[in-house]
Amino acid sequence: ETHYNTILEEFGEQLETHARPQRSASVLDRLKKSRHTGTIVYFCRSRGHGFIRPDPKEVEQGEILPQDIFMHISDIDSDFAPQHGDSVTFQLQPMPPKFDKAQAAH
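Summary of the structure given here. The shown structure was predicted, so the numbers you read here are calculated from the model rather than taken from an experiment.

For the rest of this paragraph, the subject is the overall build of the protein. Counting its regular elements, the protein contains three helices and five strands. Sequence-ordered secondary structure for the protein, helices as α and strands as β, is α-α-β-β-α-β-β-β. Residues counted as buried form 25% of the 106 residues belonging to the protein. Of the roughly 8600 Å² that the protein leaves accessible, carbon and sulfur atoms contribute 51%.

Shown next as structure tokens:
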């Protein structure tokens, strides 16, 4: 009769002392959790998307990159449709499918 050891019986000590691999910061960790302010520079109601230009003071302080940020109507927590020139507050969140860029959400 053959006796088979379980993985824990055979490798138990090695499993407990196995070091976890070092992981780089994820996209979520890299994005700041704080709220930002900006101005709507473009919004297309028929397509439901547009762009926010970050507040120049936040850009100057290095809080956010000096580039327009994509936004989609589904990420807005209110019933209003933004218009060119509106001042808004937003948070950055990873943008699918690769999650390597950020988009605005309110």
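Moving on, we come to the packing of aromatic side chains. For the structure on display, the rule yields one aromatic pair. Taking the centre distance of 5.9 Å and the plane angle of 75° together, the rings of F51 and F70 count as edge-to-face. Here F51, found in strand β2 (residues 49-54), pairs with F70, found in strand β3 (residues 69-72); they are 19 residues apart in sequence, far enough to count as distant. For F51, a relative accessible area of 31% corresponds to the partly exposed category.

Looking now at the pattern of salt bridges. Going through the model one piece at a time under the given rule, you end up with one salt bridge. Ionic pairing is found between R53 and D68, a salt bridge with its closest N-O pair at 2.8 Å. Of the two residues, R53 sits in strand β2 while D68 sits in the loop between α3 (56-60) and β3, which places them 15 residues apart along the sequence.

Here is what the cut-offs are and how they apply
- Residues numbered from 1 in each chain as written.
- Predicted model: local features only at pLDDT ≥ 70, side-chain atom pairs only at ≥ 80, totals over all residues.
- Heavy atoms only, no water.
- Helix = DSSP H or I, 4+ residues; strand = E, 2+ residues; numbered from the N terminus.
- Buried < 20%, exposed > 50% of the residue type's maximum accessible area, 1.4 Å probe, protein only.
- Areas by Shrake-Rupley, 256 points an atom, 1.4 Å probe, with all protein chains shown as cover.
- Phe/Tyr/Trp six-rings, centres within 6.5 Å; stacked < 30°, edge-to-face > 60°.
- Salt bridge = Lys/Arg side-chain N within 4 Å of Asp/Glu carboxyl O.

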